[in-house]
2 protein chains.
Amino acid sequence: MSIDRRSLLGSSAAVIGAGMLTTAQAQTPAPPPPAPPAPITQILARYITGARFEDLPANVRKEGTRTFLNWMGVAVGGSHHETVNNAVAALSPFSGKPEANLMGRGDRLDILNAALVNGISSHIFDYDDTHLKTIIHPAGPVASAILALSQHRPVSGRDFLNALVLGVETECRIGNAVYPSHYDMGWHITGSCGVFGGAAAAGKLLGLTEQQMAWALGLAASQPVGLKIQFGTMTKSFHAGRAAQNGLTAALLAAQNYTADVTALEGKDGWAQDLSRAVNWAEVTEGLGTRYEAALNTYKPFACGIVGHPGIDAAIQLRGENKLTADQIDTVTLHANPLVLSLMGKTEPQIGLEGKFSIYHCVAVGLIYGAAGERQFQDAIVKDPVVVGLRRKITVNTDAAVPTQKSDLTIRLKTGKVLTRHIENAIGSLEKPLSDAALEAKFADLADGILPRTQAQKLMQLCWGLEQASDAGAIAQAGAV
Amino acid sequence: MSIDRRSLLGSSAAVIGAGMLTTAQAQTPAPPPPAPPAPITQILARYITGARFEDLPANVRKEGTRTFLNWMGVAVGGSHHETVNNAVAALSPFSGKPEANLMGRGDRLDILNAALVNGISSHIFDYDDTHLKTIIHPAGPVASAILALSQHRPVSGRDFLNALVLGVETECRIGNAVYPSHYDMGWHITGSCGVFGGAAAAGKLLGLTEQQMAWALGLAASQPVGLKIQFGTMTKSFHAGRAAQNGLTAALLAAQNYTADVTALEGKDGWAQDLSRAVNWAEVTEGLGTRYEAALNTYKPFACGIVGHPGIDAAIQLRGENKLTADQIDTVTLHANPLVLSLMGKTEPQIGLEGKFSIYHCVAVGLIYGAAGERQFQDAIVKDPVVVGLRRKITVNTDAAVPTQKSDLTIRLKTGKVLTRHIENAIGSLEKPLSDAALEAKFADLADGILPRTQAQKLMQLCWGLEQASDAGAIAQAGAV
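All figures in this text were calculated on a predicted structure; none of them were measured in a lab.

Participant: What's the story with the overall build of chain A in this structure? I'm lost.
Facilitator: In terms of regular secondary structure, chain A is built from 22 helices and ten strands. Against the compact-globule benchmark of 23 Å for 481 residues, chain A has a radius of gyration of 23 Å, which places it among compact chains. Within chain A, the fraction of its 481 residues that count as buried is 63%. A separation threshold of at least 6 residues defines the contact pool for chain A, and within that pool the share at least 24 residues apart is 77%. Surface exposure of chain A reaches about 15,500 Å², of which carbon and sulfur atoms provide 53%. Where the 40 positive side-chain charges of chain A centre and where its 42 negative ones centre are 4 Å apart.

Participant: Just to check I follow, could you spell out empty space enclosed by the protein for this structure?
Facilitator: Here the idea is plain: a probe the size of a water molecule rolls over the atoms and shows the empty space left. All chains considered together, the criterion is met by four cavities of 30 Å³ or more. There is about 200 Å³ of room inside the largest cavity. Forming the walls of the largest cavity are 17 residues, and the residues nearest its centre are Leu112(A), Asn113(A), Gln245(A), Asn113(B) and Gln245(B). Those elements giving two or more residues to the lining of the largest cavity turn out to be α4 (111-123) and α11 (235-255) of chain A together with α4 (111-123) and α11 (234-255) of chain B. Of the residues belonging to the lining of the largest cavity, the class tally is seven nonpolar, six polar and four charged.

Participant: Where do I start with unusual backbone geometry in this structure?
Facilitator: Glycine aside, negative phi is the norm for most residues, and most peptide bonds take the trans geometry. Of the consecutive residues Tyr179(A) and Pro180(A), the connecting peptide bond is found in the cis state with omega at 5°. Considering the arrangement of structural elements, one finds Pro180(A) in the loop between α6 (157-178) and α7 (181-185). Here the phi dihedral of Ile135(B) falls at roughly 60°; this positive angle occurs in a residue that is not glycine. By the secondary structure assignment, Ile135(B) is in the loop between β4 (129-131) and α5 (139-149). The residue Asn257(B) is not glycine, and still its phi comes out positive at about 60°.

Participant: Got a minute to help me understand the packing of helix α1 (residues 40-50) of chain B against helix α10 (residues 210-221) of chain B in this structure?
Facilitator: Packed helices, taken two at a time, are described by the angle their axes make and the gap between the axes. Residues and elements named next belong to chain B. In contact at an axis separation of 8 Å, α1 and α10 are set at 125° when each is read in the N-to-C sense. Comparing the axis directions of α1 and α10 gives the class oblique. You can see that α1 and α10 cross each other, and the crossing is right-handed. Of the residues in α10, those touching α1 at Thr41, Gln42, Leu44, Ala45, Arg46, Ile48 and Thr49 are Glu210, Met213, Ala214 and Leu217. Classifying every residue of the contact of α1 with α10 gives six nonpolar, three polar and two charged.

Participant: Please explain the confidence of the model for chain A as it appears in this structure.
Facilitator: Predicted coordinates in regions of low pLDDT should not be interpreted in detail. Residues and elements named next belong to chain A. Per-residue pLDDT for chain A has a mean of 92; in total, 92% of the residues score no lower than 70. Ignoring residues within four places in sequence, the model shows residues 1-14, a span with pLDDT below 50, making 35 contacts including any to other chains. This stretch, residues 17-27, has a pLDDT under 50; its non-local contacts, to residues over four places away or in other chains, come to 27 contacts. We note a pTM of 0.91 for the whole complex and an ipTM of 0.91 for its interfaces.

Participant: Help me understand helix α10 (residues 210-221) of chain A, please; the structure alone is not making it clear to me.
Facilitator: Every α-helix carries 3.6 residues per turn, so stepping three or four residues along brings you back to the same face. With twelve residues, α10(A) should cover 16 Å at 1.5 Å per step; its first-to-last C-alpha distance of 17 Å lies within 8% of that length. Of all twelve residues in α10(A), ten are buried, a share of seventy percent or more. By the burial criterion, the buried members of α10(A) are Gln212(A), Met213(A), Ala214(A), Trp215(A), Ala216(A), Leu217(A), Gly218(A), Leu219(A), Ala220(A) and Ala221(A). Those residues of α10(A) hidden inside the fold are in contact with α1 (40-50), α6, α9 (194-205), α11 and α12 (271-275) of chain A together with α11 of chain B.

Participant: Whenever I open this one, the environment of Gly247(A) confuses me. Can you help?
Facilitator: Residue and element names in this part refer to chain A. Along the chain, the position of Gly247 falls in helix α11. Through-space distance from the C-alpha of Gly247 to that of Pro141 is 7.8 Å; in sequence the pair is 106 residues apart. Beyond its immediate sequence surroundings of up to four residues, Gly247 is in contact with Val195, Gly198 and Ala199.

Participant: Even after reading the chapter, I still don't get the packing of aromatic side chains, so can you show me in this structure?
Facilitator: Any aromatic ring pair is given by two values, namely how distant the centres are and how the planes are angled relative to each other. If you walk through the whole model with that rule in mind, you get eleven aromatic pairs over all chains. Plain terms: the ring middles of Trp187(A) and Trp187(B) are 6.2 Å apart, the flat faces sit at 20° to each other, and that makes the pair stacked. Of the two residues, Trp187(A) is situated in the loop between α7 and α8 (189-192) and Trp187(B) in the loop between α7 (181-185) and α8 (189-192); the pairing between them involves two chains. Each member of the pair, Trp187(A) as well as Trp187(B), is classed as buried. Looking at Lys228(A), its charged tip hangs above the ring of Tyr183(A), at a distance of 3.8 Å from the centre. Over the ring of Tyr127(B) we find Lys442(B); its NZ or CZ atom is 4.2 Å from the centre of that ring.

Participant: Got a minute to help me understand the sheet that holds strand β7 (residues 329-336) of chain A in this structure?
Facilitator: Two modes of strand pairing occur in sheets, parallel and antiparallel, and in both the strands are linked by backbone hydrogen bonds. All names here are of chain A. Within the open sheet, the four strands sit side by side as β8-β7-β9-β10. Their pairing is mixed. Each of the sheet's edge strands pairs with one partner strand only, and the pair in question is β8 (394-398) and β10 (418-423). The average undirected angle you get between the axes of adjacent strands in this sheet is 15°. Relative to β8, β7 runs parallel, the two sharing five bridges. Along β8, the bridge assignment pairs His335 with Asn397. Its contacts with the sheet place helix α14 (residues 309-322) against β7, β9 (407-413) and β10, and it is angled at close to 135° to β10. In the packing of helix α17 (residues 359-369) onto the sheet, contacts are made with β7, β8 and β9, and the angle to β8 comes to roughly 125°.

How each quantity is defined
- Residues numbered from 1 in each chain as written.
- Chains lettered and ligands numbered in written order.
- Predicted model: local features only at pLDDT ≥ 70, side-chain atom pairs only at ≥ 80, totals over all residues.
- Heavy atoms only, no water.
- Helix = DSSP H or I, 4+ residues; strand = E, 2+ residues; numbered from the N terminus.
- Rg over C-alpha atoms; globule rule 2.2 N^0.38 Å.
- Buried < 20%, exposed > 50% of the residue type's maximum accessible area, 1.4 Å probe, protein only.
- Contact = heavy atoms within 4.5 Å.
- Areas by Shrake-Rupley, 256 points an atom, 1.4 Å probe, with all protein chains shown as cover.
- Lys, Arg positive; Asp, Glu negative; His and termini not counted.
- Charge placed at Lys NZ, Arg CZ, Asp CG, Glu CD.
- 1 Å grid on protein atoms, 1.4 Å probe; cavity = no way out; pocket = protein on both sides within 12 Å on 5 of 7 lines; lining within 4 Å.
- Points joined across faces, edges and corners; volume = space filled by probe spheres on them.
- Nonpolar A, V, L, I, M, F, W, Y, C, P; charged D, E, K, R; others polar.
- Axes fitted to C-alpha atoms, helices over the stretch in contact; angles between N-to-C directions.
- Parallel < 35°, antiparallel > 145°, perpendicular 65-115°, else oblique.
- Left-handed = near helix turned anticlockwise from the far one by under 90°.
- pLDDT = per-residue confidence, 0-100.
- Expected span 1.5 Å × (residues − 1).
- Phe/Tyr/Trp six-rings, centres within 6.5 Å; stacked < 30°, edge-to-face > 60°.
- Lys NZ or Arg CZ within 6 Å of the ring centre and 35° of its normal.
- Pairing = 2+ DSSP bridges.

Okay, structure coming up:
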C-alpha cells in the first residue's frame, strides 16, 4: 500500500503545537491551537441528526451493505478465539439483561458488553474492512455498537444502514483530518477515531437531538481507545470493541442529557489538540452529504498483511489458469517492494499466526489451495509437508522501485515452462474491489465450522437484504448459534 | 498554588518527539523515543503485586484512611446531583447483578457501573482530594473501583487500604513522570493517569500475578479518559468515574489472561509517547516502597478553587476570634495574587456554581457562616440579601508579588476598628493539613440531608476503622440509604 496522504492535506491544514519547547527543563504550556475554521463538532452533529436514508446514493447504500456483510463474516469467524473466550469469561459475571447476541456464539450479554465482545471478535483476524486513506477498520466500532442496540430498541434495516454509513463517515472523516500525524504519534486509529463512529451511529438510532448528538461526540472525544504498541496482543482487538462500547455509552448518556463540551473535537484542550500535531478540518466538513468516505471501504480477500496481497493474487491466478499442483513446480520468484520482506519475511513459520507474517507461506498456500483465508493460516496447514516443501522453493527479490500495490510472480515448472504474472492492483484494492461473490466465499469460509452451512447462507441473505429488513435486530439472532 | 515542577524534573528527563516536523505538508513519522531507563510497566507490576500492608509506614496508613474518609464524604454529598441522576438513568437499564451500592443512594448496580457512578459522584463538587504536585484527584479512580469490587469479592480492611495506597501511588507517580507536559497538552490528568490507579488497586485485590498485573496496566494504558475542555460540563466528573471503571475492567480482563503489551507505558507507540511530550521515569521508579506520594494527599476545606482558600481561611479566623457579624462590617480588602481574580473574579454571582468562581462570595460566606462548604454555594445562599450586601463591601487588590498560597485580609468595622490577618499557608495545604476534626465536619456537612445524622456518624467511624474492618464491602452498605 503506498497511500500518500501529504497531497491530500490542503494548504489550510492547521498545525497544532508548532514551535513549542520540547525539553523537559524548559517546559512551557503549548500555545493555543489556531482557530478552527468552523464549529466542527456541531457541524457533524447537525449533519448526523439531519441525514436521511433517502439521501444516500445507491453506491453508498451498496457499499454500506457490503461493509455490514463483511463485518458479520469476520465477527462470526473470530467468535471462538481465545481472546473472545477470555473477554466473555471476565465480563459476563457482570453483564446485565442478556438482550444482545454474540455473533457465532450461543451466549448473550447486555448490549454494552455485546458491543464490546462482537467488536473484539470482528477484529481478531485482522481480516476486517479497511478505509485505506487512514487504515481505519470502520465497521468494528460502528456495526458492533448498533447491532447490539437494535436488539434493545427495534429499528428498520433502512435506518440501520443509514446509521452505519453515518458512523463510518464520521470516524473516517475525523481520521482523514488528523492522519498521518495522529497515527504517527502512536494511536491505533481504529479505536481512537472509531469511538466517534460508534457514538454517531448509536446516537442516530436513539433519535438524539442536535444538541444531544454534540454531547455524544463530546463524550466520545473524552474516551479514545488504543495504542499501537498493543499490536500482537489481545488488546489490539479490544480497541475495536471498546470503541464500539464507548461510543454506545456516549450516545446513551447524551440521550439522558448528560452534557459535554460541544466543541470537544476542535476546541482548546480538546481531542485534536491532545491527540494530533496537525489537523485539516476541511477533511471533515467538505462535501459532507455529497462525497462519501463510506463508499471507499475495502475488504481483504486474504487473511494477512495487505503488502502480501499482490503476490498471493498472482499465485492464485496462475494456479487457476494452469491447473497447477505443487508437485509440478520447480521454483517460484516474487519481485516486490522491500516492505514485503520487512513486514512478512518469516521463512520458516511454525504456527498459524507466524504464517501471516511469511510471504513464503502466503504464496505457497495461494498456489496449493487457490486461497489465503483464515483457514490457510491454521497451525496444521503451516506445518503441512507439502506447504513447507513449496515454501522453500520460493525466492523473493525486493526492489524499491516496485510500488507496494504491485508485484511480479515467475513460476518455473519442472517441465522447463515459465509462467509469469504482473499484478498492477491486487484483488481487494479500491481499483479492483472484491466482488460480491468473493465476499460471499470469504464469509462462508469464515463461518464454516461455526454456523451450519444453511444458517450461514441464510445469514448472508439477511445481510444482503438489510435495506428491506423490518427489524435489523433479527439479523443478530440469525448470526448466533 | 505555585507548584513549580520544572525543578523536580531531573536532567535525565527524556524528551519525546523532539525535533519532529510539525507542518502538515512535510509530515514525517515521529522519531522513536529515547530508550527508557528501565522496564517501567513491569517494575510497577512487580512492586504492586509484592507490596504488603505490613510494609506501609504508619503515616501512610493514616493518610490512606483520611483519603478514604474524604472520598466517602464527597461521594455521598454529590450523590443526588443531576449529573449522577442522568448517568444512572442512562446506564441502569443495562446494569448486571446489583451487587454494589451507590453511595448516598438507595439503588444498586453491578460493580462496573457502580464504580463509574460513585466516581462521578465523588468529583462533582470539585471538593475531593488533591495531589498538589500533579493536580490529580487520587481517590475517585481508585476508591470507586475497589469499593465496588469489595462487594463482589470480600476483602479485609487492611487489604483494601493497602490496595488504595498502591493505586494512589501508581497514578500519582505516573502523573509525576509526565507532569506538566501531559497536562499542558490538554489531558485531564485525573482520568488519564487515574485509570492506572484503578487497575493497580483492583488488580491487587484480585490477586493478579506479576504478569497479569503488567497486562492490567497495559489494558489501562489503552483506555485513558479525559480532556480538559470538558471542565464546566458533566463530562468532567465522568472522567473520574470512567477511569475507575476502565481500571477495574482492565484488572478483570487481565485476571482471565487477556493479554496486553507489557511495556505499554514506556515503549515505542506506548502511553507516554502518545500522551506526553516529556517524561521522567525516575519519578516512577525512585524510592518505590519507601517514599510515598500517597502521604502527600490533601483535602479541600472549602468547596471552591484552591486559589481562593487563603482569603477564606483569613475570613473564618477573624470571624471566630472577633465573633463578627455581617452588620458590624464596613469594608473588607483582600490583598492577593492576580490569579485569584482571573479565576474567581465574578462580582455578582447569580447561582451556586457561579459563587464558586466569585472570591467575593467566598470571603462573604466565610465571614457570615464561618464556612465555605458545599452548603454555602447553594443558590439560595448566593441570592441571600445579607450575603449580597457583604459581597459588595469587599475589594480585591492584586499583586503579582504575593504567592498564590498566601494572602492578607483587612476588615474595617463600623466602629473604626481594623482587623488584619496574614495567611502564610491556607488550611488544607500540605503545610497546614486539614485536621481529622475538620475532615469530620466536612463529611458531616456533605452528608447532611442525604444520610440520617446517626448513619453519617456511624459511616465516619467505619471509615476511620478501615484498618480493623473484617469486610470492607460492609462500609459500602453503610454509605447507602
